[in-house]
Amino acid sequence: MSRYQEIKEKLLSTPRTWLVTGGAGFIGSNLVKSLLQLGQYVRVLDDLSTGYWENVAQVIKETGHQKTENLTFRNGDIYSLETCSSLCEGVDYVLHQAAQVSVPLSMEDPLLNNRTNVDGFLNMLAAARNSGVKTFVFASSCAVYGNDPELPKTEDMKGFPVSPYGLTKLMAEQYAALYHSIYGSRPIGLRYFNVFGPRQDPGGAYAAVIPRWISMLLSGRSPVIYGDGEQTRDFCHIDNVVQANILAACTVNEEAFGQVFNVGCGRSTSLNELFGLILDSMRRTGLDVNGPRPIHEAPREGDIIHSKADITKARTFLGYEPQVSVSQGLERSIRWYLDNLK
């Protein structure tokens, strides 16, 4: 039996109380759904600036009416220490996902980016510590590595971020490590690589590549590739990210606290290759997508060139093992968008 399966069975028998910040967003709502399916008590904090109440409503529908008594929702933001503190009271685990997550937007408005990803993060970190939260798991990013050409990325590499977004994620990691060292807090950072899956918003100027391309292809439009398409990413399906969060929250490995862990699949995929994989997945679902071809435009400032995770540390310390491949994840995502895109 895997470590993940052991933890899920234990949670089913002994429910805990969790706070998911950004719980109306893409990653957060998937975490909320999985926790409710495990019979947990879940609090959600979201200001609905980039998340959607519809995500929460869909989670309630998908988990069944009998689960809704386990879920409470607070429309608020992490800029308020009072709000963070009140929601952390009586909580066993915090999964902190609330953030400004757009690299281009961070280039346009670094002050907003810092307010959310540093000031808001520190509010949550302090509130969790003051409330005696067992484990504080937070979302970091592979953007902390910047454009260091060495691959794969290992957690001990010195990061040189190339965007305000990457810099603020690195600052959050440093604050968490300091809190662990000074106060004995139990934070764990997860450096997400390129996460994709159900409920990822395909709209807007800053939409992630996979939902944007799927949406455009479904409507017969040509996707845009910024650059020559040979830049690579480690695409990671949301189910793998959910696994990493639950493993981190429930770990009994004392050496894991104050640390950061890569969360990816350990495989690089170029954007040109990704386009072909999406077309193949669509054809397997019976869709006719032989028309649109990608349009190449100039590279975006602040985007990294190559990315690939070394997940050895997460395997060793947490028992993390990706269960959904890129191809499997694309098929699941396409089916979801077919059922839900309007």
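Please read these numbers as outputs of a predicted model, since none were measured by experiment.

S.K.: Can you lay out the sheet that holds strand E3 (residues 71-75) for me, pointing to particular residues and giving the numbers?
M.R.: Strand order across the open sheet formed by 7 strands is E3-E2-E1-E4-E5-E6-E11, with parallel pairing between neighbours. At either end of the open sheet lies a strand with only one pairing partner, and these are E3 and strand E11 (259-263). On average, adjacent strands in this sheet sit at an angle of 20° to one another, irrespective of strand direction. Sheet topology places strand E2 (residues 41-46) next to E3; 5 bridges connect them, and they run parallel. Counted as the bridge partner of Leu45 is Arg74 from E3. Sheet strands touched by helix H4 (residues 81-88): strand E1 (17-21), E2, E3 and strand E4 (93-96). Its angle to E2, the strand with the most contacts, is close to 175°.

S.K.: Give a detailed account of unusual backbone geometry, specifying residues and quantitative values.
M.R.: Omega for the peptide link from Leu151 to Pro152 comes to -5°, which places this bond in the cis form. Inspection of the secondary structure assignment puts Pro152 in the loop between strand E5 (135-141) and helix H7 (164-183). One non-glycine residue, Leu48, lies in the positive phi region at around 60°. Looking at where Leu48 falls in the secondary structure, it is placed in the loop between E2 and helix H3 (53-63). A positive phi is found at Arg199, a non-glycine position, where the angle reads about 70°. On the secondary structure map, Arg199 appears in the loop between strand E7 (194-196) and helix H8 (209-218).

S.K.: Explain the packing of aromatic side chains to me, using residue names and the numbers behind them.
M.R.: On inspection of all chains with the given rule, the structure shows 10 aromatic pairs. Note on Phe121 and Phe136: the rings are 5.8 Å apart at their centroids and 70° apart in plane angle, and the pair reads as edge-to-face. You can see Phe121 sitting in helix H6 (residues 110-130) and its partner Phe136 sitting in strand E5, a full 15 residues away along the chain. Each member of the pair, Phe121 together with Phe136, is buried. Centre to centre, the rings of Tyr179 and Tyr183 are 4.8 Å apart; their planes meet at 65°, and the pair counts as edge-to-face. One end of the pair, Tyr179, and the other, Tyr183, are both in helix H7, 4 residues apart, so they sit about a helical turn from each other. Judged by relative accessible area, which is 12%, Tyr179 ranks as buried. A connected cluster of aromatic rings, assembled from ring pairs, spans Phe121, Phe136 and Phe138. Its guanidinium or amino end placed over the ring of Tyr183, Arg129 lies 3.8 Å from that ring's centre, counting from NZ or CZ.

S.K.: Outline H4, listing residues and values.
M.R.: Since there are 3.6 residues in each turn of an α-helix, residues three or four apart along the chain are aligned in direction. For H4, every residue scored as buried is listed here: Thr83, Cys84, Leu87 and Cys88. For H4, the angular spread of buried residues about the axis comes to 125°, placing them on one side. Of the surrounding elements, those touching the buried residues of H4 are E1, E2, E3, E4 and H6. In the stretch just after H4, Gly90 is the one whose phi turns positive, near 80°.

S.K.: A description of the pairing of E4 should follow, citing residues and the corresponding values.
M.R.: The two faces of E4 match: Tyr93 and Leu95 on one face and Val94 and His96 on the other face are all buried. Taken together, the 4 bridges between E4 and E5 define a ladder with parallel strand orientation. Bridging across to E5, Tyr93 finds its partner in Thr135.

S.K.: Tell me about empty space enclosed by the protein, and please be specific about residues and values.
M.R.: By the definition in use, this model includes 1 cavity of 30 Å³ or more. Going through the elements one at a time, H6, E5 and H7 are the ones with two or more residues in the lining of the largest cavity. Here the lining of the largest cavity gets 3 residues from one element, more than from any other, and that element is H6. Taken together, the residues of the lining of the largest cavity sort by class into 6 nonpolar, 3 polar and 1 charged.

S.K.: So what about the side chain of Thr135? Which residues, and what values?
M.R.: When you line up the elements, Thr135 lands in strand E5. By relative accessible area, which is 1% here, Thr135 ends up buried. Looking at Thr135, its side chain comes within polar contact range of the main-chain oxygen of Ala249, at 3.1 Å. Not counting the four nearest positions on each side in its chain, Thr135 is found in contact with Asp92, Tyr93, Val94, Arg186, Ile188, Ala248, Ala249 and Phe257.

Cut-offs applied
- Residues numbered from 1 in each chain as written.
- Predicted model: local features only at pLDDT ≥ 70, side-chain atom pairs only at ≥ 80, totals over all residues.
- Heavy atoms only, no water.
- Pairing = 2+ DSSP bridges.
- Helix = DSSP H or I, 4+ residues; strand = E, 2+ residues; numbered from the N terminus.
- Axes fitted to C-alpha atoms, helices over the stretch in contact; angles between N-to-C directions.
- Contact = heavy atoms within 4.5 Å.
- Phe/Tyr/Trp six-rings, centres within 6.5 Å; stacked < 30°, edge-to-face > 60°.
- Buried < 20%, exposed > 50% of the residue type's maximum accessible area, 1.4 Å probe, protein only.
- Lys NZ or Arg CZ within 6 Å of the ring centre and 35° of its normal.
- Arc of directions from axis to C-beta.
- 1 Å grid on protein atoms, 1.4 Å probe; cavity = no way out; pocket = protein on both sides within 12 Å on 5 of 7 lines; lining within 4 Å.
- Points joined across faces, edges and corners; volume = space filled by probe spheres on them.
- Nonpolar A, V, L, I, M, F, W, Y, C, P; charged D, E, K, R; others polar.
- Polar contact = N/O pair within 3.5 Å; in protein donor to acceptor, adjacent residues only side chain to side chain.

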